[in-house]
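Summary of structural features
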Amino acid sequence: ASNTEADDHFGHSVAVSGDTVVVGAPGEDSTGVDGDQDNNASSAGAAYVFVRNGTTWSQQAYLKASNTGAYDNFGYSVAVSGDTVVVGAPAEDSDAIGVVEVQTDNNNASSAGAAYVFVRSGAAWSQQAYLKAFNTGNMDFFGWSVAVSGDTVVVGTPYKDSDAGAAYVFVRNGTTWSQQAYLKASNTGAYDNFGYSVAVSGDTVVVGAPGED
């Protein structure tokens with residue numbers, strides 16, 4: 001990281017698409033407001049984008065949530081497809097629901113979780129969307145896992161509904177995101193942790209449930 005420090009956990013998550021690499025650091029402590037080294041938001045988290053030119057790699061971006069908060073663990077999961085990056089923050093605490101148009105900074109739903117979509121134009125990255133579950137709840141950890149393929153994003157929430165888990169599919173039309181599906185296992189059971197891992201390629205999604213019995 002460009003701002004390497006103890007306990008940032010740089011490399012907790014990684015993703016690659018072509019000549020672009022994204023690395024999550026969910027323990028990174030900056031607010032992102034006054035640069036990358038203020039350390040005023042413990043474990044808020046960050047993500048770093050690196051690009052390759054020939055055989056040379058360089059850092060292109062330092063990504064933070066638009067509503068950075070301590071202990072959100074932004075960067076716990078990351079995914080990239082072309083010019084789109086998704087970053088999960090499973091300990092984010094707002095009680096917002098769905099694709100949020102108006103940013104919220106409240107902390108009314110402990111570890112409900114969130115996912116953030118960033119897009120690249122040229123060499124500049126900007127946040128395009130702030131994604132929440134339509135049924136946001138305490139300790140759901142929405143954003144524990146994320147995946148992206150083109151205009152489709154999948155977000156896992158393995159601790160939803162007595163840890164049975166769920167996954168949410170979002171799609172992009174132009175620059176607008178909307179939820180397309182809410183996925184549950186056909187044999188849903190408590191503590192199955194469906195959504196602990198997710199993957200997507202085109203029109204196919206795979207969801208892991210490591211606690212299924």
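Look up: the structure comes first, before these words.
I will try to describe carefully the structure that is included in this document. (Residues numbered from 1 in each chain as written. Predicted model: local features only at pLDDT ≥ 70, side-chain atom pairs only at ≥ 80, totals over all residues. Heavy atoms only, no water.)

1. Description of the overall build of the protein
The following threshold applies: Strands are runs of DSSP state E lasting at least 2 residues, helices are runs of H or I lasting at least 4, and numbering of each runs from the N terminus. Relative accessibility thresholds used throughout: buried, under 20% of the residue-type maximum; exposed, over 50%; partly exposed, between the two (1.4 Å probe, protein chains only). The contact definition used throughout considers only heavy atoms, calling two residues in contact when any of these lie within 4.5 Å.
Along the protein, the regular secondary structure elements total one helix and 14 strands. Over its C-alpha atoms, taken along the principal directions, the protein stretches across nearly 45 × 35 × 35 Å. Burial statistics for the protein: of 213 residues in total, 50% are counted as buried. Sequence-distant contacts in the protein: of pairs separated by 6 or more residues, those separated by 24 or more amount to 52%.

2. Quick word on the nonpolar core
Going by this rule: The set of buried Ala, Val, Leu, Ile, Met, Phe, Trp, Tyr and Cys residues whose side-chain atoms join them within 4.5 Å is what this entry labels a nonpolar core.
Within the largest apolar cluster, 20 residues are counted, with the highest numbers of intra-cluster contacts made by L63, F74, V85, Y116 and F118. Of all the secondary structure elements, the ones that give two or more residues to this core are β3 (46-53), β4 (56-63), β5 (77-81), β6 (84-89), β7 (114-121) and β8 (124-131). Core analysis: the second largest hydrophobic core is formed by 16 residues, V117, F142, V153 and Y168 among them.

3. Remarks on the pairing of strand β2 (residues 20-25)
Counted only if it meets this: Between any two strands, at least two bridges found by DSSP are needed for them to pair.
Burial analysis of β2 places five of its six residues in the buried class, which makes it a mostly covered element. Here strand β1 (residues 13-17) runs beside β2; their pairing, made up of five bridges, is antiparallel. Across the sheet, A15 pairs through a bridge with V22, a residue of β2. Connecting the antiparallel pair β1 and β2 is a turn made up of two residues, with G18 showing a positive phi of about 60 degrees. In this structure, β2 lies alongside β3, joined through six bridges in antiparallel fashion. Paired with V23 across the two strands is Y48, which belongs to β3.

4. Some remarks on the side chain of S77
Mapped onto the fold, S77 is located in strand β5. Apart from residues no more than four positions distant in its own chain, S77 is found in contact with S13, V86, V87, G88, G143, W144, S145 and V146.

5. Concerning the pattern of salt bridges
Threshold: The salt bridge criterion pairs a side-chain nitrogen of Lys or Arg with a carboxyl oxygen of Asp or Glu, the two atoms within 4 Å.
A full pass over the atoms with the stated rule returns seven salt bridges. Residue K184 is joined to D161 by a salt bridge in which the shortest nitrogen-to-oxygen separation is 3.0 Å. Remark: D161 occurs in helix α1 (residues 160-163) and K184 occurs in the loop between β12 (176-183) and β13 (197-201); sequence separation between them is 23 residues.

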